[in-house]
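Residue-level structure breakdown
Here is how the chains run, residue by residue.
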Protein chains: 2
Amino acid sequence: MHKASAALTSRGSGTGSGTGGEPAARLAVSAAATDGVAMSNAAFFEWFDERRREQPQQVRRIPFSELSGWGFDQATGNLQHRSGRFFTVHGLRVRSDFGPVPEWEQPIINQPEFGILGIAVREIDGVLHLLMQAKSEPGNINGVQLSPTIQATKSNYSRVHGGSAVKYLESFHRPAPGSVLADSLQSEQGTWFYRKRNRNMVVEVGPEVEAGEDFCWLTLGQVNALLGFDNLVNMDARTVLSCLPDWQPAVTGEVSDGAPATSLHSAMSLHSDTEVRSWLTQRRIEHEIITTALPLNDVTGWERWDDRIEHERGRYFSIIAVDVSSGRREVPAWSQPLLHPSGVGLAGLLVRHIDGVLHALMRARVEPGLLDIAELAPTVQGTPGNYAHLPAEDRPPFQEELLERSTEQALFDSVLSEEGGRFHHAECRYVITEVADDVLETEDGLRPGHEEFRWMSVTQLGELLKYSSQLNVQARTLVAALRSVR
Amino acid sequence: MHKASAALTSRGSGTGSGTGGEPAARLAVSAAATDGVAMSNAAFFEWFDERRREQPQQVRRIPFSELSGWGFDQATGNLQHRSGRFFTVHGLRVRSDFGPVPEWEQPIINQPEFGILGIAVREIDGVLHLLMQAKSEPGNINGVQLSPTIQATKSNYSRVHGGSAVKYLESFHRPAPGSVLADSLQSEQGTWFYRKRNRNMVVEVGPEVEAGEDFCWLTLGQVNALLGFDNLVNMDARTVLSCLPDWQPAVTGEVSDGAPATSLHSAMSLHSDTEVRSWLTQRRIEHEIITTALPLNDVTGWERWDDRIEHERGRYFSIIAVDVSSGRREVPAWSQPLLHPSGVGLAGLLVRHIDGVLHALMRARVEPGLLDIAELAPTVQGTPGNYAHLPAEDRPPFQEELLERSTEQALFDSVLSEEGGRFHHAECRYVITEVADDVLETEDGLRPGHEEFRWMSVTQLGELLKYSSQLNVQARTLVAALRSVR
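Residues numbered from 1 in each chain as written. Chains lettered and ligands numbered in written order. Predicted model: local features only at pLDDT ≥ 70, side-chain atom pairs only at ≥ 80, totals over all residues. Heavy atoms only, no water.

Take the overall build of chain A next. The helix and strand tally for chain A stands at 12 helices and 26 strands. Overall, the C-alpha framework of chain A stretches about 65 × 60 × 40 Å when taken along its three principal axes. Out of the 486 residues belonging to chain A, those deemed buried represent 60%. With the model as given, the accessible surface of chain A reaches about 18700 Å², and the carbon-plus-sulfur share is 49%. With 45 positive and 63 negative side-chain charges, chain A shows a spacing of 6 Å between the two charge centroids. (Helix = DSSP H or I, 4+ residues; strand = E, 2+ residues; numbered from the N terminus. Buried < 20%, exposed > 50% of the residue type's maximum accessible area, 1.4 Å probe, protein only. Areas by Shrake-Rupley, 256 points an atom, 1.4 Å probe, with all protein chains shown as cover. Lys, Arg positive; Asp, Glu negative; His and termini not counted. Charge placed at Lys NZ, Arg CZ, Asp CG, Glu CD.)

Moving on, we come to the packing of helix H7 (residues 235-242) of chain A against helix H12 (residues 473-485) of chain A. All names here are of chain A. In the contact formed by H7 and H12, the axes pass within 8 Å of each other and the chain directions differ by 70 degrees. The angle between H7 and H12 falls in the class roughly perpendicular. Of the two possible hands of crossing, H7 and H12 adopt the one that is left-handed. Residue-level contacts link Met235, Arg238, Thr239, Leu241 and Ser242 of H7 to Val473, Arg476, Thr477, Val479, Ala480 and Arg483 of H12. In terms of residue class, the contact of H7 with H12 is made up of 5 nonpolar, 3 polar and 3 charged. (Axes fitted to C-alpha atoms, helices over the stretch in contact; angles between N-to-C directions. Parallel < 35°, antiparallel > 145°, perpendicular 65-115°, else oblique. Left-handed = near helix turned anticlockwise from the far one by under 90°. Contact = heavy atoms within 4.5 Å. Nonpolar A, V, L, I, M, F, W, Y, C, P; charged D, E, K, R; others polar.)

Moving on, we come to helix H2 (residues 23-32) of chain A. All names here are of chain A. What H2 keeps buried is the set Pro23, Ala24, Arg26, Leu27, Ser30 and Ala31. Summarising the axial view, the buried residues of H2 lie within an arc of 160 degrees, below the 170-degree limit, and thus occupy one face. Next to the buried residues of H2 lie strand S6 (115-124), strand S7 (127-136), strand S10 (180-187), strand S11 (197-204), strand S12 (215-219) and helix H6 (220-226). (Arc of directions from axis to C-beta.)

Residues and elements named next belong to chain A. The full count for this structure, using the stated rule, is 58 salt bridges over all chains. Where Lys466 meets Glu463, a salt bridge forms, and the shortest distance between an N and an O atom there is 3.0 Å. A relative accessible area of 13% places Glu463 in the buried class. Within this structure, Glu50, Arg51, Glu213 and Asp214 form a network of salt bridges that share partners. (Salt bridge = Lys/Arg side-chain N within 4 Å of Asp/Glu carboxyl O.)

Residues and elements named next belong to chain A. Position of Asp35 relative to the elements: it lies in the loop between H2 and helix H3 (41-54). Assessed through its relative accessible area of 44%, Asp35 is described here as partly exposed. Separated by 254 residues in sequence, Asp35 and Ile289 have C-alpha atoms that sit 48 Å apart. Apart from residues lying up to four places away in sequence, Asp35 is in contact with Ser40, Asn41 and Gln222. A distance of 2.8 Å separates polar atoms of two side chains, one belonging to Asp35 and the other to Asn41. (Polar contact = N/O pair within 3.5 Å; in protein donor to acceptor, adjacent residues only side chain to side chain.)

Time to look at the confidence of the model for chain A. Residues and elements named next belong to chain A. On average, residues of chain A carry a pLDDT of 89, and 90% of them reach 70 or more. Within the model, the stretch residues 1-20 combines pLDDT values under 50 with 57 contacts to residues more than four positions away or in other chains. Note on residues 254-266: pLDDT under 50 across the span, and 13 contacts to partners over four residues away in sequence or across chains. With a pTM of 0.92, the predicted complex shows an ipTM of 0.91. (pLDDT = per-residue confidence, 0-100.)

Further remarks concern the side chain of Gln57(B). All names here are of chain B. Checked against the element boundaries, Gln57 lands in strand S1 (residues 57-62). Residue Gln57 is classed as buried on the basis of its relative accessible area of 19%. A distance of 3.5 Å separates a polar atom in the side chain of Gln57 from a polar atom in the side chain of Ser136. Of note is the side chain of Gln57, whose polar atom sits 3.2 Å from the backbone oxygen of Glu137.

Moving on to the state of the cysteines. Residues and elements named next belong to chain B. Taken as a whole and judged by the stated rule, the model has 0 disulfides over all chains. Not engaged in a disulfide, the cysteine Cys243 finds its nearest cysteine sulfur in Cys428; these two sulfurs lie 18 Å apart. When its relative accessible area of 7% is taken as the criterion, Cys243 is described as buried. (Disulfide = S-S within 2.5 Å.)

All names here are of chain A. Take Ser83: it is sitting in the loop between strand S3 (79-81) and strand S4 (88-96). Note on Ser83: relative accessible area 37%, which makes it partly exposed. Through-space distance from the C-alpha of Ser83 to that of Trp70 is 8.9 Å; in sequence the pair is 13 residues apart. At 3.1 Å, the side chain of Ser83 and the backbone nitrogen of Arg85 are in polar contact.

This part takes up H12(A). All names here are of chain A. Counted at 1.5 Å a residue, the expected span for H12 with its 13 residues is 18 Å, and the 19 Å between its end C-alpha atoms agrees. Taking burial as the measure, the 13 residues of H12 include 12 buried ones, the bulk of the element. Listed in full, the buried residues belonging to H12 are Val473, Gln474, Ala475, Arg476, Thr477, Leu478, Val479, Ala480, Ala481, Leu482, Arg483 and Ser484. (Expected span 1.5 Å × (residues − 1).)

We now examine the pairing of strand S18 (residues 345-354) of chain A. Consecutive side chains along a regular strand alternate between the two faces of the sheet. Residue and element names in this part refer to chain A. For S18, the buried fraction is high: 9 of the 10 residues fall into the buried class. Taken together, the 7 bridges between S18 and strand S23 (residues 427-434) define a ladder with parallel strand orientation. Pairing of Gly345 across the sheet is with Cys428, part of S23. Here S18 pairs with strand S21 (residues 380-382) via 3 bridges, running antiparallel. Bridge assignment links Gly348 to a residue of S21, and that residue is Val380. (Pairing = 2+ DSSP bridges.)

Given below as structure tokens:
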């Protein structure tokens, strides 16, 4: 394995437009610059407040009948745009041979196009900076959040909406040779989206690229610190951040018994990469899950009112409609459907040092909208309110442990928003808590259901993030969050 | 990158049941043992001839009406088994925004279950041996071919067919900790199968596992040599072989100018791994391809006769029915549909040493049945007869170059069979030819369409083969073939 890995380091791995060196080393320098180079933290907050004032946005819930350009298809009842673009809300029947609810039907958002989520990075005074955007979205709880350089659906960038051109698109459409730091297709919420994936890119650009009106250059250290603020760094930015090359050493500082971890041997993972991949393969094939697209009219257990489609018991989420008017003259008003979750989500990661190497407890989670059946998810993921009616043994494992420990020992604990262009006030509490022991074992032996969980090193997660369909979107936020506090 | 890669080598990478050491090093020893340890080459051929005599099989084409257990659904016309298992032949409409034929309809085989293709390896006299099977399949041109240890659909191993238990299944269902050498989901023919993937596994077993009646232990060197014989090593064995950890040094012998390639720096690839992944991501998103399942009755351009469903111009393939009777008393006779291709396929790889490192010219190929749109395919792939009616500029690039050069310079040139359980007499000529120059460049600059092609090192291909949806099944055969002749 040593041999093969070494041979993969290529002459082409330097970036074309930078001053050279490994991307990871240059990112480490940027991560250490916590008060900025191009813009101080104080200046950032002043600028960001100003962006919020400059981008006032009125979002008003409306009945479906007042939507402009959107309507229910007469035959199917699917909610769709008259152009056939953007996205459609249709029904999905899910049948599986496992879990407390083996069969159900639900509405789901189908957006077959690939969008681009991209962050441009540029060296300023010898330090890599990320070009971040202050961008308002109708579903955001607070209007403007910190977003990637570019966040565009194909409908956006091919200008179906008739709006203005997407800024910085060219840097991502035709990146210079050697300038790409990350580029993969990554999934989004597999319970709300049907097989949606976006292209996640990080591209290094040259000094000719400057920050426009709603953009600023921040160091990685600054962005990492901002991740700790509630509802500030948006989901699109977080997923792209997680795809950055891992800039951190595999072994951090000291191990828990106080001895410094210096040996190369300890820079290892509990399970080999082959074992981890084999375990995930097993999870993907051992159960049957069959999803069938349905006309929205035929979905049972959900009710359509004049201003919402909701679950008969008020659980999970509803589909609503909003009218959006911007304070900016160049942006016309529009209306659109949004998915409104029924409660605040919880995504929690238990982490643990094993021989000085930080590991995270990942769960292989099947979601009906994922292209490849199951992806690595956080230890705990869900909306606690949706499980309240289930008996304790059917609630997500480790939820209680995570919440009990998190009050005192959380490494990370912030409420962050999911994508505000599709979801309305979709908040999720992201928690990372360190444990000392292997919680997969109890006094009576291995915990029931332990096969769905594996301790994986953060380095292994970084390697998997180079590929598609490995970590789900909640896990990716937690990888970005974990790196921000190490 | 060095750091991260080194950290991924794990304490768990040794195999549990062997004598230890890196799998790649132990495989290299096995590859060097070209005349066997447990069984000599002479003894193998004698044994294999005997297997052919012991497994006589009569395969007779029959009209669909004589199929037992299979029939056309009254409403859809789909050809299916009355149990609902095995596979179904339905229709597919394909619409894309590229290529000489942007829209067409065709029958396609849908087999949503995951099968297992697995090879058990075991150390005998200090050398790893592969447990290979002499197995007959109704579509095989010559009855028995050399197959993996286990080759089982879920219908097989859950015994839907009422037959006997699948041998060696337990070694793959519950492999010992640390015994897995490879385990991933790999695609099969994306023009004949709709999203079919099988689990490809290599598992090390202990001395308690012995070769049963139709099985033998061969070294990797022996299996590699057998790959060069026409129609001997079956498709299932070839794809599993391609998933073995790469046992070969990245730099082979001498570079073309006669200087030995010893520097670590030359053990590199023309394009970095990040660049290769980014290029494949771009290929996957840049075109639209929309596939829609159709009732077989509604497929245009195809005609159903009493004993075949064929294209109106006789191209591509036909669906036929066969009756199979075995000479063995314990195997009952059965009948089933098969797909019969209309001509011998061609899969060719141009390879080239770049600074002493062997590279292959891969094409990112969109196939309608692939789960993830496009995978890496050979330089040339297709059935030349299907393109004969197209103007020269619409025929596959490099086909002429490959065939011209191959007569004198082929590193590998064998006719091999595709899976005989689904395909009838499906032969494909696999050719590997080395070129001295970068054929992507012509006198006038870069060749048109060059963006679909990339030179990738064999080491990079081996790294990608650890993951799903990266190399298509024809490319995997050529990787196994290329390693067999290096």
